[in-house]
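# Coordinate analysis (summary)
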Amino acid sequence: MTNRLTGKVAIVTGSSSGIGQSIAIRLASEGASVVIDYVGQPDGAHDTLAKIQSAGGKAITIQANVSSIAETQSLIDQTYTQLGRCDILINNAGIEKEAAFCDVTEAEYDAVLGVNLKGAFFLTQAFVRRLRDAKLPGRIINISSVHEDMVFPNFSTYCASKGGMRMLMRDLAVELGSLGITVNNIAPGAINTPINTALLANKPKLNALLANIPLGRLGTPEEVASLAAFLSSDEAAYITGSTYAIDGGLLRNYHEQ
Ligand code: BGC
């Protein structure tokens, strides 16, 4: 493993499980000091921490619900207090709730949009204000989804949140470019993580999905983490304003039979 991120501090939201956990581990393995943000899974956060520390990496855990503006501000403040700086923000925390459009409740809408879009929005704002004031560059990487672009019937709240994240990324890439801050999205397809627990238990549904994936398998969190590490590094210095799909070809799939 290289040391592309030595000296950097990175926040990874929702890093107590799934893609976020793998990204936290990977960034730490490349030399970053990592803030493991979590909400309801302290055991998962401590698992991430233990894995990083046993590999010789540096990390801390902070509990913050990104759908609360006060908690996003506190996450940034605590990061500066404990680690002195913050160079990389990975907006990974995300949830999805299945419901036919006509059945979606206000609570479901607020929960999904609150974590996936409002959370990324205001945490990014708190992150950027510090960099702007200190005249320092930075990296923002949103873990979006193929569903920032591709339809997902019965997941309208999720699609609305990820579509919003796509335009937020494009807008901020332009607005923050002069500050030396890059903004990009990673759009995972079907990845083997807890968000897909129900899908993995439903063989007919899983097989139907696999038939739509040209590479014929789910992705791994480590594969997504590898892309996040690259986009976080100096090697990606000239990349901003784009979405990088990592989906085994799902977005490009086409069949006549
Ligand atoms: C969703 C998964 C889904 C995958 C492919 C992801 O963004 O979280 O539930 O299986 O997209 O459709």
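Refer to the preceding data block for the structure.
Below, the structure is looked at part by part. Position numbers for residues start from 1 in each chain and track the written sequence from start to end. For this predicted model, a pLDDT threshold of at least 70 governs which residues receive local features, and a threshold of 80 or more governs which side-chain atom pairs are given and counted, while totals over whole chains, interfaces and linings are taken from all residues. Each side-chain value is worked out from all heavy atoms of the structure, with water and hydrogens disregarded.

## Concerning the environment of Pro-42
By the secondary structure assignment, Pro-42 is in helix 2 (residues 42-54). A 1.4 Å probe rolled over the protein chains alone gives each residue an accessible area, and that area as a share of the maximum for its type sets the label: buried under 20%, exposed over 50%, partly exposed in between. With relative accessibility at 34%, the residue Pro-42 sits in the partly exposed group. Here the alpha-carbon distance between Pro-42 and Ser-16, two residues 26 residues apart in the chain, equals 7.2 Å. What counts as a helix is a DSSP run of H or I of at least four residues, what counts as a strand is a run of E of at least two, and both are numbered from the N terminus.

## Quick notes on the site of the ligand
In these notes, residues near a molecule or strand are those with any non-hydrogen atom within 4 Å of it. In the region of the ligand, the neighbouring residues are Glu-96, Ser-145, His-147, Phe-152, Tyr-158, Gly-189, Ala-190, Ile-195, Asn-196 and Leu-199. Two N or O atoms form a polar contact when they lie within 3.5 Å of each other; inside protein one atom must be a possible hydrogen donor and the other a possible acceptor, and for residues adjacent in sequence the pair counts only when both atoms belong to side chains. Within the side chain of His-147, an N or O atom sits 2.7 Å from an oxygen atom of the ligand. Between the ligand and the protein, one listed contact pairs an oxygen atom with a side-chain N or O atom of Tyr-158 at 2.7 Å. Charged means Asp, Glu, Lys or Arg here, nonpolar means Ala, Val, Leu, Ile, Met, Phe, Trp, Tyr, Cys or Pro, and polar covers whatever is left, Gly included. Residues of the shell around the ligand, tallied by class, amount to 5 nonpolar, 4 polar and 1 charged.

## Quick word on the packing of helix 1 (residues 18-29) against helix 2
To characterise two packed helices, one gives the angle between the axes of the helices and the distance between these axes. Direction vectors running N to C along helix 1 and helix 2 enclose 25°, while the axes themselves pass 9 Å from each other. As summarised for this structure, helix 1 and helix 2 are arranged roughly parallel, according to the angle between their axes. By crossing handedness, the relation of helix 1 to helix 2 is classed as right-handed. In this structure, helix 1 contributes Gln-21, Ala-24, Ile-25 and Ala-28 to the contact, and helix 2 contributes Gly-44, Asp-47, Thr-48, Lys-51 and Ile-52. Interaxial angle, 0 to 180 degrees, is taken between N-to-C directions of lines fitted to C-alpha atoms, where a helix line uses only the stretch in contact. Note on terminology: angles under 35 degrees are roughly parallel, angles over 145 are roughly antiparallel, angles of 65 to 115 are roughly perpendicular, and the others are oblique. For any helix crossing, the convention is left-handed if the near helix is rotated counterclockwise from the far helix by under a right angle, and right-handed if that rotation is clockwise. By the convention used here, residues are in contact when the closest approach between their heavy atoms is within 4.5 Å.

## Observations regarding unusual backbone geometry
One non-glycine residue, Lys-135, lies in positive phi territory at about 55°. Mapped onto the elements, Lys-135 comes out in the loop between helix 4 (106-134) and strand 5 (138-143). Even without being glycine, Asn-154 reaches a positive phi, approximately 75°. With respect to the helices, strands and loops of the structure, Asn-154 is situated in the loop between strand 5 and helix 5 (156-175).

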